[in-house]
Each structure stands twice: as C-alpha cells, then as structure tokens.
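# Coordinate analysis (summary)
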Amino acid sequence: QVQLVESGGGLVQAGGSLRLSCAASGRTFSAYAMGWFRQAPGKEREFVGAIRWSSTYYADSVKGRFTISRDSAKNTVYLQMNSLKPDDTAVYYCAADPNGGSTPIEYDSWGQGTQVTVSS
C-alpha cells in the first residue's frame, strides 16, 4: 500500500486545460501501475488511463486529449487534460497497485479524489 494525495482540480471552460497531480508516499516499485479513474454522479467509476514502467494506456474517450506522465524523483504522477468537454466533469481519483490495469478492483491504494468541473 501507498498513500496518495491528489491536487489540481477546479473549474474550467470547455476547450480549456487542467493538470492533476498525484503525490505518492510509502514503498513503491518501478513496475507499479499508477492509474487515473473518474466518477460522475450516478455513474460507476471509470478508467481514464494508467502508466506502468514507461507505457501509458488510455480510455478511448480521452485518447488524444489526456496525457499521463511520471516524475520519479518526486514520486508524483500527472494527468494533463486538454480540450476538456462538459462530459469530462467528474471526481478524479489516482490509484496505485503493483499489477494494476484498467479496472478499479485491480488497485489497492487510492487517493481522496479531486473535483473537475467543465462548464459549457
């Protein structure tokens, strides 16, 4: 298990950009998967993207607009969100697991979530 703290959420107009940060503490490994998920009211938590080793994976809904990166020295992962749409409005969560993939049950550690609101 690792402790995760998210930041960077806020209100932005459609077409704008935000960068979310997820700072991790505790024991981690280079092969740990760091995932991003989001959950809108009345909907299930859905996969946004993940980074494992140097490979990144994205949901089709955000591919080409969102980018995940990692700063190993700071033990922090980032989610750069561009060309935001109102449908991107949700609480965004970061997660960590040695073998995490694209579903929430694959992750043991979670951040508290940060609200992203995209106005029309």
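Refer to the preceding data block for the structure.
Here is a short report on the structure shown in this document. (Residues numbered from 1 in each chain as written. Predicted model: local features only at pLDDT ≥ 70, side-chain atom pairs only at ≥ 80, totals over all residues. Heavy atoms only, no water.)

### Re the pattern of salt bridges
Scanning the entire structure with this criterion turns up four salt bridges. For Arg-38, the salt bridge is made with Glu-46, and the minimal N-O distance between the two is 2.7 Å. Since its relative accessible area comes to 4%, Arg-38 is described here as buried. Several salt bridges share partner residues, and in doing so they unite Arg-38, Glu-46, Arg-65 and Asp-88 into one network. (Salt bridge = Lys/Arg side-chain N within 4 Å of Asp/Glu carboxyl O. Buried < 20%, exposed > 50% of the residue type's maximum accessible area, 1.4 Å probe, protein only.)

### Topic: the pairing of strand S5 (residues 46-52)
Counted residue by residue, S5 has six buried out of seven residues, so it is predominantly covered. Taken together, strand S4 (residues 33-39) and the strand that follows it, S5, pair antiparallel across an intervening segment of six residues, in which Gly-42 is found at a positive phi of about 80 degrees. Taken together, the four bridges between S5 and strand S6 (residues 55-58) define a ladder with antiparallel strand orientation. Bridging from a neighbouring strand, Ala-50 pairs with Tyr-57 of S6. Between S5 and S6, which pair antiparallel one after the other, the connecting turn spans two residues, and Trp-53 there sits at a positive phi close to 55 degrees. (Helix = DSSP H or I, 4+ residues; strand = E, 2+ residues; numbered from the N terminus. Pairing = 2+ DSSP bridges.)

### Things to note about unusual backbone geometry
Peptide bonds are mostly trans, and most non-glycine residues show a negative phi. Look at Trp-53: it is not a glycine, yet its phi comes out positive at around 55 degrees. Mapped onto the elements of the fold, Trp-53 is located in the loop between S5 and S6. The backbone of Asn-75 sits at a positive phi, close to 55 degrees, despite the residue not being glycine. On the secondary structure map, Asn-75 appears in the loop between strand S7 (66-71) and strand S8 (76-81).

### Focus on the environment of Thr-103
Structurally, Thr-103 is set in the loop between strand S9 (90-97) and strand S10 (109-110). Given a relative accessible area of 32%, Thr-103 falls into the partly exposed group. Sequence-wise, Thr-103 and Gly-16 are 87 residues apart; in three dimensions their C-alpha atoms are separated by 27 Å. Separated by 2.5 Å, the side chains of Thr-103 and Glu-106 make a polar contact. (Polar contact = N/O pair within 3.5 Å; in protein donor to acceptor, adjacent residues only side chain to side chain.)

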